[in-house]
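# Chain and residue survey
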Amino acid sequence: QFVKQFLIRHTTQALCLLAIMTSVIGISHYAAAADQSRTGEGRVITVYDQGQEKTFLTNRTTVADALKREGIRLAEADRTEPSTDSELVASSYTINIYRALPVIVTDGASQKKILTAEQSPRRIVEAIGAKFYDEDRATVERIDNPASEGGAGLRLVIDRATPLNFTLYGKQFEVRTQAETVGEMLREKNITPATEDG
């Protein structure tokens, strides 16, 4: 009888101790998870940089800090998407890095060189302080021998639309066009003169 009571008493104590330990472990895991959420530990970042893909975990809270912590350097003219000052609040992100390239912009007789990470002709032209109209056209080509072009890697050539002033139904209009004749310009602008206009 004594042995039975001894076993019952100690088994009960062992079960209580096990329950307490389980609770403590559960609380510890919860606290660790909460702390992990607060610090951003475990955010998955995938970076695309010049055709290369890199995935890593970070506890940093901005794009700039995450890239710096991972040893990914950015030049002053480089650009990222999302921007470097964007806060990291979600569990995963994709970051695109656009590296700046030297570009020679040829605009008629004018030629300017710029270091830019912009991707579109319009944004490149605007980066040199010029206006790019909807009717303008631009071609971009890679320079195979940059040394001969002052170190530039790309050349952007602007084909400017012709500015025209004309009067229609007593109103003056200023338009720009790539058309070579008045008829082509009117069709381009979806303008249909009345029959009596000749």
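Details of the structure are given in the entry above.
Each chain has its residues counted from 1, following the order in which its sequence is written. Two thresholds apply to this predicted model, a pLDDT of at least 70 for residue-level local features and 80 or more for giving and counting side-chain atom pairs, whereas whole-chain, interface and lining totals are computed over all residues. Computation of side-chain values covers all heavy atoms of the structure but excludes hydrogens and water.

## Remarks on the layout of surface pockets
Heads up, the condition is: Buriedness for pockets is judged along seven lines, at least five of which must meet protein on both sides within 12 Å for an open set on the 1 Å grid over protein atoms alone, while cavities are sets there where a 1.4 Å probe fits but cannot get out, and lining residues have an atom within 4 Å of a point. Grid points are joined across faces, edges and corners, and a volume is the space filled by probe spheres set on the points. Secondary structure elements are taken from DSSP: a helix is a run of H or I of four residues or more, a strand is a run of E of two residues or more, and numbering for both begins at the N terminus. Side-chain classes follow a simple rule in which Ala, Val, Leu, Ile, Met, Phe, Trp, Tyr, Cys and Pro form the nonpolar group, Asp, Glu, Lys and Arg form the charged group, and the remainder, Gly included, forms the polar group.
If you add up the space inside the largest pocket, you get close to 290 Å³. Around the largest pocket, the lining comprises 16 residues; the ones closest to its centre are Tyr 98, Arg 99, Leu 101, Glu 118 and Gln 119. Listed by contribution, the elements that provide at least two residues to the lining of the largest pocket are strand 1 (43-49), strand 4 (92-98) and strand 5 (101-107). The biggest single contributor to the lining of the largest pocket is strand 4, with three residues. Of the residues contributing to the lining of the largest pocket, the split by class is eight nonpolar, five polar and three charged.

## Let's talk about the sheet that holds strand 8 (residues 154-159)
Selection rule: When DSSP locates at least two bridges between a pair of strands, those strands are taken to pair. Convention adopted: a line fitted to C-alpha atoms gives each axis, helices being fitted over their contacting stretch, and angles between N-to-C directions are expressed from 0 to 180 degrees.
Strand order in the open sheet made by the four strands is 6-5-8-7, with mixed pairing throughout. Of all strands in the sheet, those with a lone pairing partner are strand 6 (110-116) and strand 7 (137-142), marking the two edges. The mean inter-strand angle of the sheet, taken between neighbouring strand axes irrespective of direction, is 20°. Taken together, the seven bridges between strand 5 and strand 6 define a ladder with antiparallel strand orientation. Each bridged residue has a counterpart across the sheet, and for Leu 101 the counterpart in strand 6 is Thr 116.

## Some details on the packing of aromatic side chains
Rules: Aromatic rings from Phe, Tyr and Trp, with only the six-membered ring used for Trp, were paired whenever their centres fell within 6.5 Å, and each pair was classed as stacked if the ring planes differed by under 30 degrees, edge-to-face if by over 60, and tilted otherwise. Only lysine NZ and arginine CZ atoms are considered, and such an atom sits over a ring when it is within 6 Å of the ring centre and within 35 degrees of the ring normal.
Going through the model one piece at a time under the given rule, you end up with zero aromatic pairs. The lysine or arginine in question, Lys 131, covers the ring of Tyr 133, its NZ or CZ lying 5.7 Å from the ring centre. The residue whose ring lies beneath Arg 176 is Tyr 133, and the NZ or CZ to ring-centre distance is 3.7 Å.

## What about the pairing of strand 5?
Adjacent in sequence and paired antiparallel, strand 5 and strand 6 are bridged by two residues, among which Gly 108 carries a positive phi angle near 65°. In terms of strand pairing, strand 5 meets strand 8 through five bridges, oriented parallel. Bridge assignment links Ile 104 to a residue of strand 8, and that residue is Arg 155.

## A few points about unusual backbone geometry
Going by this rule: Any residue under 20% of the maximum accessible area for its type is buried, any over 50% is exposed, and the rest in between are partly exposed; the area is computed with a 1.4 Å probe on protein chains only.
In this model, Glu 81 is joined to Pro 82 through a cis peptide bond whose omega is 0°. Following the sequence through the fold, Pro 82 ends up in the loop between strand 3 (79-81) and strand 4. Located in the positive-phi region is Gln 50, a residue other than glycine, with phi close to 55°. Structurally, Gln 50 is set in the loop between strand 1 and strand 2 (52-58). Taking the relative accessible area as the measure of exposure, Gln 50 reaches 62% and is therefore exposed.

## Some words on the pattern of salt bridges
Pairs can form between side chains of opposite charge whenever their charged atoms are close. Inclusion rule: For salt bridges, the criterion is a side-chain nitrogen of Lys or Arg within 4 Å of an Asp or Glu carboxyl oxygen.
For the structure shown, the criterion picks out 10 salt bridges. With a shortest N-O distance of 2.9 Å, Arg 160 and Asp 107 are connected by a salt bridge. Note that Arg 160 is positioned in the loop between strand 8 and strand 9 (162-168) and Asp 107 in strand 5, a separation of 53 residues in sequence. Since its relative accessible area comes to 26%, Arg 160 is described here as partly exposed. With a relative accessible area of 23%, Asp 107 lands in the partly exposed category. Taken together, the shared-partner salt bridges in this structure form one network comprising Arg 79, Glu 81, Glu 118 and Arg 123.

## What to know about the nonpolar core
The following threshold applies: By nonpolar core we mean a set of buried residues, namely Ala, Val, Leu, Ile, Met, Phe, Trp, Tyr and Cys, connected to one another through side-chain atoms within 4.5 Å. Residue contacts follow a heavy-atom distance rule, with two residues in contact if any of their heavy atoms lie within 4.5 Å.
Counting 11 residues, the largest nonpolar core consists of Ile 45, Val 47, Phe 56, Val 63, Ala 66, Leu 67, Ile 72, Leu 88, Tyr 93, Ile 95 and Ile 97. Going through the elements one at a time, strand 1, helix 2 (63-69) and strand 4 are the ones with two or more residues in this core. The contact partners of Phe 56, leaving out residues within four places of it in the chain, are Arg 43, Val 44, Ile 45, Val 47, Ala 66, Glu 70 and Ile 72. With 10 residues, the next largest nonpolar core counts Ile 114, Val 125, Phe 132 and Ile 158 among its residues.

## Some thoughts on the sheet that holds strand 3
Pairing is mixed across the open sheet formed by four strands, whose spatial order is 2-1-4-3. A strand with exactly one partner marks an edge of an open sheet, and here the two such strands are strand 2 and strand 3. Here the strands of the sheet are splayed against their neighbours by 25° on average, with no regard to which way each runs. Of the pairings in the sheet, the one linking strand 1 to strand 2 comprises seven bridges and is antiparallel in character. Paired with Ile 45 across the bridge in strand 2 is Phe 56.

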